Structure formats: C-alpha cells, structure tokens
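Letter by letter, the chains look like this.
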Amino acid sequence: MRILTNYLIKYFNFASYFFLFLIILTVDYFIFRKFLGTNRLINIFCATIHSFISIWAIRIYLKDISLKNYFASSDEVFIFIKKYSEEFFLLISLFFVSFLIGIIYFDYIYDHNLTNLFYERTTLVALPKIINPLNDLIVGLIFSSTCVFCYLVLRSAFISKYIALILTFYFISSPTNIYNLIPSPFRDYFKATIIFFILIFFINLIKNRKNISNEKIFIFFISFGIFFGLWIRSDFLIYVPLFVFFLIFNEIKKGSNFSATSLFQNIFPFLILCLPHIIAQLEMVGDNFAIASSFIITQNHSLGIENGLYDSGYIFIDEYLRNLINIDKDYTFSNIVYFPLDFLQKILATQINVLNLSFKFSLPPPGLYNEMIDIFYMARFASLSFLHNIILIVFYICILILIFKKPQTGFMISLLFIFIISYPLIQNQIRHYFYIEIISLWSVGYIIETITTKLRDNEKN
Amino acid sequence: MKKTNSINLILLFLCLISLIIIFFFFSYLQNKNITKIIEKILKSEKSEVSYTIINDNHENVTILPNKLFNEFQIIGDPIHNQYVSQEYLILKLNFKNCKKNSISPLVSYAFSENSSNKRLDFSRRLFVKKDQLSSSQIISFPIYYTKKDDHDGFFRSIKFQKNEFECFDKIYQIKNNLDININSFSYFGTKSPELLLFKRNNFQIGNFDYNNVKKKFNSNFENISKNQINYSYKDSIKLKKPWKFLFHSERSCELNNCSFPNSCKKNRKSVLIEGTPEQVCSIDNDIVVTKKIYMNNKNYIYISGNLIAGQIKLNIFNEKNFFRNIKINKKGKFETIIKIPFDDKFRFSISNNINLYNYSENHFYINDLKIFSLN
C-alpha cells in the first residue's frame, strides 16, 4: 500500500495532465466539428494541437504546484486520510446510496416504458452505441457525483458535516432532482453536476486568504469546469462574466498587491482552453427564443404573477416565440426597458419560486406507486412544507448573518447565491434550475448552524 | 459595536433605501412608457376594417375581417424556415350600447386548406372589463400570419356572444404597425400586476361585493352531488367530501403533447371551449365536469378547497361561447364564488393547469361545491 501511494505521489502530475489532455481532446473534437465540418482527420488534428497548447498553458499556470507540495510522503497521505476518515466514510456512503437510487429509478422508468411522464428533451445527447449497456451505470454515476458535490458545496459554505449530510439526503430524495435525471441525463442533468463542481471552487476561492497555490488550483478548476460545461450546454456562458468578476474581486482583496498582470495570468489558461468555444459561439446563429419565453404572460402565471391588462406575448409555443423575436429583434431588451417594474417583480418572483422548490411537492417522483414510498414522501413533505414562502426571508436572514460574521467573504458568497437564484429568470424551465434547491437547503442548514452555535456558546459562558 | 458591523448596517440601510427608490422610479417609468405606447397606437395612421358577420346556431356572432394580410410581408429573417407577417388591430368598444360589464370574445386563428401544423394556432380568449377600460374604450393587439414549411396559420375571426356583440363598435388596422415601440404589445385596460405572494386566496367571477354576498349565504343551498357530475378523473368523486385529487404527469391522451400540442381532444372540454391553444408539454385535462345545470342570475356557485401543490383552473361555461375561469395557483386554502351572469344551462369544471416544464404534480382537495340562491 505504501509503495502504491508513493507511486501515486510520484506520478500524480503526469497522470493528471494525461487525463486532462484526453478530456480536452474529446471536448475539442466535438467543438471543432461544429465549425470545421465532419472531416474526422482535420478535427482530430486541430483538437490535438489545441489540447497540447492548453496543457502547456495549464502547466505554466500551475508550475510549482504538485501533490508533493501537500504530501511529501505516503505517511502524510495516511495521516490525512485518518484525520478525515469520518468525512470520507460519509462521502463514500453518500456516493453509494445515491448511485443505487439513480440506477434503480432510471432502470425502472425505462423498463416500464414510462418516459411519457417526463418532459421531452430538446436535444438528444446519446452515448456511443458500444457503451449503451452501461447507460444506467453512467446515469447512476452522474447522479451520485451531483449528490456528492452537493454535500461538498454545503460543507464549503460553512455547514457542519452531519447537517450537510441530512440536507444532502433531502436533495437526493427530492422529487424534482430525481425527475430531472430521466429525460436528459447527459445534458440537462449533467449541467447540475458541473455547476456544483464549479460552485465548490467559487466558494473556496472566495474563502481563500493568501494561499497562492490553492488560489491557482481553484481558479483552474473553475476555468476547466466552465470549459467542460460549455460543451454540455452553452448556458454556461452566463458563468463567464461571473468568473471574471470574481477574479477581479480576488485581486482587489489582495489590497495593495492588486496587479493587472496577475489578473491576466489567472484568466490566461481559461482563454486558451475556451478558444474553440469562443469561435463556435461566434459561428453559431441562435434564435434565443428560450429567453424570449421569459417575457410572455404564461411565464408570469408560472411564477405566480397576476398580470396587468397588457402583455407582450401569450403562448408558450416555439413557433409563436420565433414570430415574436423575428418581428422584434430587440424583444427581450425592449421588455426590460419598457416594463422595468415588471422585470424587477419577475426577479423577486423567480427567487421565491426557485427557493420554494424544496417545499412545494408532496408526491414521489413520477411512476412510483408504492405505499411505503408514498408515506416516506408525505413525511418528507410534512417536515419541510412549513418553510414554503418563508424560505425567502430565511435566505436573506442567512445572507445578512453571513455578511455580519465575515464581511468580505459573506458579501461575495451572498452575491454568488443571489445570482444563482435569480438567473432562472431567463432559464425558466425546471430542467434548467432544479438543482438550485441546494440554496434553500443551505439556508435551512445555515440558520440551524447559527442557532446551535449560539446555544453552544451560551452554554459555555 | 464593531466598526465593520456599523459599516455593514449603514450599507444595508443604503441598499434598502436604494431598492425603495428604484421601485418607485421603475413604477413611474413603466406607467409613462405604457401611456406613451398607447398614445402612439391611438395617434398612428389607421384605417377601418370592413368585416362580414356570421351568426351561428349557438347565438354567437363571428366577425370575419376582410382585406387583412393582403400582401404577405415577410418580417425579419426566416428562422427554421418560418416566415411571419403581422398586422395590428384596434377594437373600439362601446359599453353604453350593451348591458354588460365585461365581455370575453375569442380571437381565432385558422389554417389554409392543406395545413395541419397545429402549432401555428395562436388563438386567444380576451377578457375585457368595462371599468378597467380607459375613456377611449379601445383594446389593441397584434395578429399574425405564419408560414412554416408547407403550413400556414393565420388570424381569421373574432367570435362574440350575441349580447356581447352589442358592446363592439368598430375595428381598425394600423398602417405602420412595425413602428409601435414594442411590436407584440397587447392592451386590454388598466390594472397593475400583482405578486402571488401578496394575493388573497378568495377569488370571484362576476361583478359583486365578495364579502357582502358571502355574508348572505344561508342554509338554502344545493350541494353539487355525484349524480350531477358528468365526468370525473378516474371516477375519483366520492359521495362524501372532501374530494381528494392527486395527479402526476397523467394526460388525457396517449399522445405526448410535447411533440403534438393541440392534437388531443379527450377530456379537455374546458380548454377546448376556452379556445386558447395548448402550451407545449402542458397537462390541462379536465378533472371534474358537471352536467349542464340550469341556473339563473340570482345563483352563485361556491367552491372551497385546499391546494397542496400544483395549479388548477375553475371554469364556468355554456354552449354559447360564454366562458370564464380563474386560476388557483397559490398553495393553501382557497374560496371562490362565481356569479351566474344570466339564466341558462351552465357547466362547471375543474381542470389541470400544469406543465411538464414546471414539474408535473397536482395535489388538492375540494371541500365544498355548492349552488346558492340569493333572492
């Protein structure tokens, strides 16, 4: 074991870069195919060149950072594992439980031919036929990774391990979370996995003080997450300005050490990595009717807004929405400019709607007809439903407590969370935002955490 | 108090003040913008549209405007082989001519002979209240002619109930419709939007004082019983109330309406009479539909229940194009009173109003469903 660990430390860098190279190559191949056509050789050639350049840029950026900086020998690895053994055990348990739930539900729906109970995916993302028999295993893996990342996001955002564990089990059993796994596991659902992955590093970047190595690792993982995410869905574009904003903040918080060069150094690997995405986005002609759908009255009804006696669109049908944006190129912009109060109201309604997700639904995921499962979900609903609507207040109280406790960190985490609960305004279907119930669960966890800490402190005094 | 905490408090206070200022500023700006748009619509060059009147067996009056979309003017660049042309209509109403307080005409779309793409149906039912209209008594909305592949869908007619038609005066068409600030703008009166969170859970259909009427309810009522129900989902109506309803993604037809919207007619009486097309991936089938019940204008229907999750619609309609409904979309107990507008046979229905894009659960109880008579 010791020898194996020593080998791991020794070859970790090489293995990691090789693995990264393969991922970048795969993503690049498909991205280049979008604008270079279907000539396989040209695509592979361009993808390989870009992958090498990317690895070179990452190596320059992460130079002097290696596993050896953290673990000089195998002994230190064992000490580390021993120290966090409980946490590792929880993570492994979470992984296996969620893996089983994901596989069982996915197989159940497909075996019983119940896919008509779900929304219809807009874009089919299928794995190569050769690995079709492994579909359910991969779906289980995606589901369990999302749940493990959920736990890690909560842990990063100041929630203690047992509260984080309970909240993650609420997330695992969430009917909307399980529901969204079925129609589009490799696209719409996988997006949640990557967003959680990015969130972990966003929060840790905000929390990080002065540790340059950690800062670089966090920035690299966010860059890589966005790069990978843009392959899955172009919605990840909205994380780009957020990323740049946080990089600027990261420099500002260094005070007098603020340097534009350092800012450029941090963004450089991201630019190199995302170059094919940038070209692909410039080449693509999107019709953006999905964003337009946020401004029709149907969306207001879903958000619980009783409309005024005017509107700028009324049916959620693609063809109708295309008419709207075809007639008015600035449809979205015009709506914001002419009806700013409605827009403000929509932001608030979106936040309420998204935060209420955890506390709205009482039934098991579709297709499950079992008395025991019904009872479990009734009990789950009873334990949460009292927070419906109140959660908005709970969330903002948590934000205030966080800002008062840790002004700089709290302010940035608050901005991040407020951004996340608001952006479904332009991504208004549940498949785009179901995972945001993590923010509601965080609010519940954080308020419990604050109360228990206060009680403990009082007892000590 | 720590210095940082004081700064935080000041910042928080400033944030709140800014939010209040922004709210009032946006409110002012929006009202000003709407007034501007309406003024522009009213002042723009327009021509009166001639029309043909058709009376049907159900005492409905349909107007078929002539000479609209004479030339199919392609607007913008085609997307997915879809071409559009738009006209903008102004309907001049005159409530002095009729004894109604509100009207609900149906704006209907049709297809050309060989077209079958029901996604090009953009019909809508309008609801106009006399007291919410401005002094000019106009409503305005755009209409579309859409060509996609070999299919055509276009605005065809406006259908009124016979006694509502008396409230209709004239119809105009704007000449330079693309000059309106926001081309898709429709206007039906003046009322500010409300947020559900602050909305009361008492609803009403009809013009009356809710509390006053509710106070006058006495024991003289008729319970709508099982034998007055024409259809109920999975025969879920029992003899005793409350009636409990649980839905999960179950639609009327085997057809997946994410792929084939507007193709299913089974158990969708309310929505079909409403005339508004189906939203993609929606579940809008009927849950309960009563038989035709003769009621007079002194009758009220009272419904109370509890919405646990989802959204429902309470509908009242007859066969003469009378249709009113309200959406119950706020969780918790709700009460609704519906005033019967005139003597006739009406059906009352409860229908689903959920969408797979917004999750598919509908869970609610109906505690009371009664007809009262106030003499």
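Given the structure is predicted, the values throughout are model-derived calculations rather than measurements. (Residues numbered from 1 in each chain as written. Chains lettered and ligands numbered in written order. Predicted model: local features only at pLDDT ≥ 70, side-chain atom pairs only at ≥ 80, totals over all residues. Heavy atoms only, no water.)

## Some details on the overall build of chain A
When you go through chain A residue by residue, the secondary structure sums to 22 helices and two strands. Against the compact-globule benchmark of 23 Å for 461 residues, chain A has a radius of gyration of 23 Å, which places it among compact chains. Along the longest, intermediate and shortest principal axes, the C-alpha atoms of chain A span 70 × 70 × 55 Å. Relative to its full complement of 461 residues, chain A shows a buried share of 55%. Once local pairs closer than 6 in sequence are excluded, the contacts in chain A between residues at least 24 apart make up 77%. Averaged over its 34 positive side-chain charges, chain A has a centre that lies 11 Å from the centre of its 29 negative ones. (Helix = DSSP H or I, 4+ residues; strand = E, 2+ residues; numbered from the N terminus. Rg over C-alpha atoms; globule rule 2.2 N^0.38 Å. Buried < 20%, exposed > 50% of the residue type's maximum accessible area, 1.4 Å probe, protein only. Contact = heavy atoms within 4.5 Å. Lys, Arg positive; Asp, Glu negative; His and termini not counted. Charge placed at Lys NZ, Arg CZ, Asp CG, Glu CD.)

## A few points about the overall build of chain B
When helices and strands are tallied, chain B shows four helices and 27 strands. Each of the three principal axes of chain B carries a C-alpha extent, and together these read 80 × 60 × 45 Å. For chain B, the residues scored as buried account for 55% of the 375 residues in total. Long-range pairs, those at least 24 residues apart, make up 77% of the contacts in chain B between residues at least 6 apart in sequence.

## Some thoughts on the confidence of the model for chain B
Per-residue pLDDT for chain B has a mean of 86; in total, 97% of the residues score no lower than 70. If you check the scores for this complex, the pTM reads 0.91 and the ipTM reads 0.89. (pLDDT = per-residue confidence, 0-100.)

## Re the environment of D188 of chain A
Residue and element names in this part refer to chain A. Structurally, D188 is set in helix α9 (residues 185-207). Linking D188 and F404, residues 216 residues apart in sequence, is a C-alpha distance of 36 Å. When near neighbours in sequence (up to four residues on either side) are disregarded, D188 contacts Y119, R233, R431 and F434. A polar side-chain atom of D188 sits 2.9 Å from a polar atom in the side chain of Y119. (Polar contact = N/O pair within 3.5 Å; in protein donor to acceptor, adjacent residues only side chain to side chain.)

## Observations concerning the packing of helix α5 (residues 85-111) of chain A against helix α6 (residues 135-156) of chain A
Residues and elements named next belong to chain A. One way to put it is that α5 packs onto α6 with a least axis distance of 7 Å and a crossing angle of 140 degrees. The orientation of α5 relative to α6 falls into the category oblique. Crossing geometry of α5 relative to α6 is assigned as right-handed. Across the interface between the two elements, E87, L90, L91, L94, F95, S98, F99, I101, G102, I103, F106 and D107 from α5 touch D136, L137, V139, G140, L141, F143, S144, C147, V148, Y151, L152 and R155 from α6. (Axes fitted to C-alpha atoms, helices over the stretch in contact; angles between N-to-C directions. Parallel < 35°, antiparallel > 145°, perpendicular 65-115°, else oblique. Left-handed = near helix turned anticlockwise from the far one by under 90°.)

## Topic: the state of the cysteines
All names here are of chain B. All chains considered together, the criterion is met by two disulfides over all chains. Covalently, C98 is tied to C167 through a disulfide, its sulfur atoms 1.9 Å apart. Because the sign of the S-S torsion sets the handedness, a value of about 110 degrees for the bond joining C98 and C167 places this disulfide among the right-handed ones. Of this pair, C98 sits in the loop between β4 (82-93) and β5 (102-103) while C167 sits in the loop between α2 (162-165) and β11 (168-174), placing them 69 residues apart in sequence. (Disulfide = S-S within 2.5 Å.)

## Thoughts on the pattern of salt bridges
Tallying each qualifying case throughout the model produces 16 salt bridges over all chains. Of the charged contacts in the structure, one is a salt bridge between E86 of chain A and K161 of chain A, with a shortest N-O distance of 3.8 Å. Linking E86 of chain A in helix α5 with K161 of chain A in helix α7 (residues 161-173), this pair joins segments that are 75 residues apart in sequence. The class for E86 of chain A is partly exposed, based on a relative accessible area of 37%. Close ionic contact of D284 of chain B with R268 of chain B constitutes a salt bridge, the shortest N to O distance being 2.9 Å. Taken together, the residues span a long stretch of sequence, with D284 of chain B in the loop between β18 (282-283) and β19 (286-290) and R268 of chain B in the loop between β17 (243-248) and α4 (269-274) at a distance of 16 residues. A residue is classified by how much of its surface remains accessible, and R268 of chain B, at 4% relative accessible area, is buried. (Salt bridge = Lys/Arg side-chain N within 4 Å of Asp/Glu carboxyl O.)

## Comments concerning the pairing of strand β22 (residues 312-317) of chain B
Residue and element names in this part refer to chain B. A large share of β22 lies buried, amounting to six of its six residues. Alternating residues of β22 divide into I312, L314 and I316 and K313, N315 and F317, and every residue in both groups is buried. Both β22 and strand β23 (residues 323-328) contribute to a ladder of six bridges, which runs antiparallel. If you follow F317 over to β23, its bridge partner there is F323. (Pairing = 2+ DSSP bridges.)

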